[in-house]
Amino acid sequence: MLIMQNRVALVTGAATGIGEGIARLFASMGAKVILLDRDAAHNEATARSIDGARAVTVDVCDGEAVDTAVRNVGRVDVLVNNAGIFPRRKFIDMTEAEWDQMQNVNLKSMFHCIKAVAPGMIAQGSGKIVNISSVTFHLGTSELSHYVASKGGVIGLTRSLAREFGEHNVHVNCITPGAINTESEKNFVNDEAVRFMVSQQCLKRRIVPLDIARAALFLASDLSDGLTGQTLNVDGGWVMH
Ligand SMILES: NC(=O)c1ccc[n+]([C@@H]2O[C@H](COP(=O)([O-])OP(=O)(O)OC[C@H]3O[C@@H](n4cnc5c(N)ncnc54)[C@H](O)[C@@H]3O)[C@@H](O)[C@H]2O)c1
């Protein structure tokens, strides 16, 4: 049996990378997947390559646009809050605008997306929300203080909403991916840094979007029905948390 059969799943930042991996795996398990991304061209191309998927162009920082997109979808069973950015900057050189942009894209976007889906999930008495944080929260990575702060906020939001929504059978969990082999990663780390990160892992291979997608599938499906408010660290055994 396909474990996501008859589920409608929204995945943000689904045009590429981890979000794309999640959308593909969910669809292969029977979900009707809606890909939300601000990059219309990539998003539409990705959606065309996934059976039954639909692309919706939206900036997740725009609360009204998110609300309209969700209303047009109708019933939502699963929301994966994955859209994120990770430009490096030393704190000492960081501007207020850079700090704010990071919080807006990585954390406040989740406010908008959860606000849009939560009333429906509460009314139907079921729902799975999966938030993507980062292992850097556990590591306290330098030159990413704005990012690490936003990703810590994601874990806090997850825990608090799990308490608020639990009585409605709405589950809220979180994943902290480690160093994931995506196209975007190449903009931020070189081969030497990648070799170092892999050397720190128990598993001596690159962790890929499919590894994160599998954990997301667990948290989005009935397999995790007894679990909420938790953070799954998927990093090849880099940090033990
Ligand atoms: N790649 C890693 O090593 C890694 C590690 C830990 C956590 N993460 C987290 O995983 C998530 C996905 O990362 P990725 O590596 O796949 O990144 P990516 O850059 O490959 O994909 C991110 C997607 O989000 C979209 N996006 C960005 N801002 C948006 C906005 N405002 N509105 C709508 N869409 C927007 C982009 O267009 C892109 O398609 C991020 O939250 C990131 O912080 C990644």
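Structure: above.
The rules behind each value
- Residues numbered from 1 in each chain as written.
- Predicted model: local features only at pLDDT ≥ 70, side-chain atom pairs only at ≥ 80, totals over all residues.
- Heavy atoms only, no water.
- Buried < 20%, exposed > 50% of the residue type's maximum accessible area, 1.4 Å probe, protein only.
- Helix = DSSP H or I, 4+ residues; strand = E, 2+ residues; numbered from the N terminus.
- Arc of directions from axis to C-beta.
- Contact = heavy atoms within 4.5 Å.
- Salt bridge = Lys/Arg side-chain N within 4 Å of Asp/Glu carboxyl O.
- Right-handed = clockwise from strand over helix to strand, strands pointing away.
- Pairing = 2+ DSSP bridges.
- Expected span 1.5 Å × (residues − 1).
- Bend = angle between axes of the 7 residues up to and from the residue.

Every α-helix carries 3.6 residues per turn, so stepping three or four residues along brings you back to the same face. Buried within helix α2 (residues 40–48) we find N43, T46 and A47. For α2, the angular spread of buried residues about the axis comes to 100°, placing them on one side. For α2, the exposed residues set more than 90 degrees away from the buried face come down to A41 and R48. Packed against the buried residues of α2 are α1 (17–28), β2 (32–37) and β3 (54–57).

Further remarks concern the pattern of salt bridges. Tallying each qualifying case throughout the model produces ten salt bridges. Ionic pairing is found between D225 and K128, a salt bridge with its closest N-O pair at 2.8 Å. Placement of the pair is D225 in the loop between α8 (209–220) and β7 (231–234) and K128 in strand β5 (residues 127–132), with a sequence separation of 97 residues. Judged by relative accessible area, K128 falls into the buried class, the value being 6%.

Turning our attention to the pairing of strand β1 (residues 8–12). The buried fraction of β1 amounts to five of the five residues, a majority that puts the element mostly inside the structure. Here β1 shows two buried faces, one formed by V8, L10 and T12 and the other by A9 and V11. In this region the chain leaves β1, passes through α1 and returns to the parallel neighbour β2; the handedness of that crossover is right-handed. The pairing of β1 with strand β4 (residues 78–81) spans three bridges and is parallel. When the sheet's bridge partners are listed, A9 is paired in β4 with V78.

Right, let's get into helix α4 (residues 96–124). For α4, with 29 residues, the first-to-last C-alpha span of 41 Å sits near the 42 Å given by 1.5 Å per residue. At N104, α4 shows its largest bend, some 45°. Looking one or two residues past α4, G125 carries a phi angle of roughly 75°, positive in sign.

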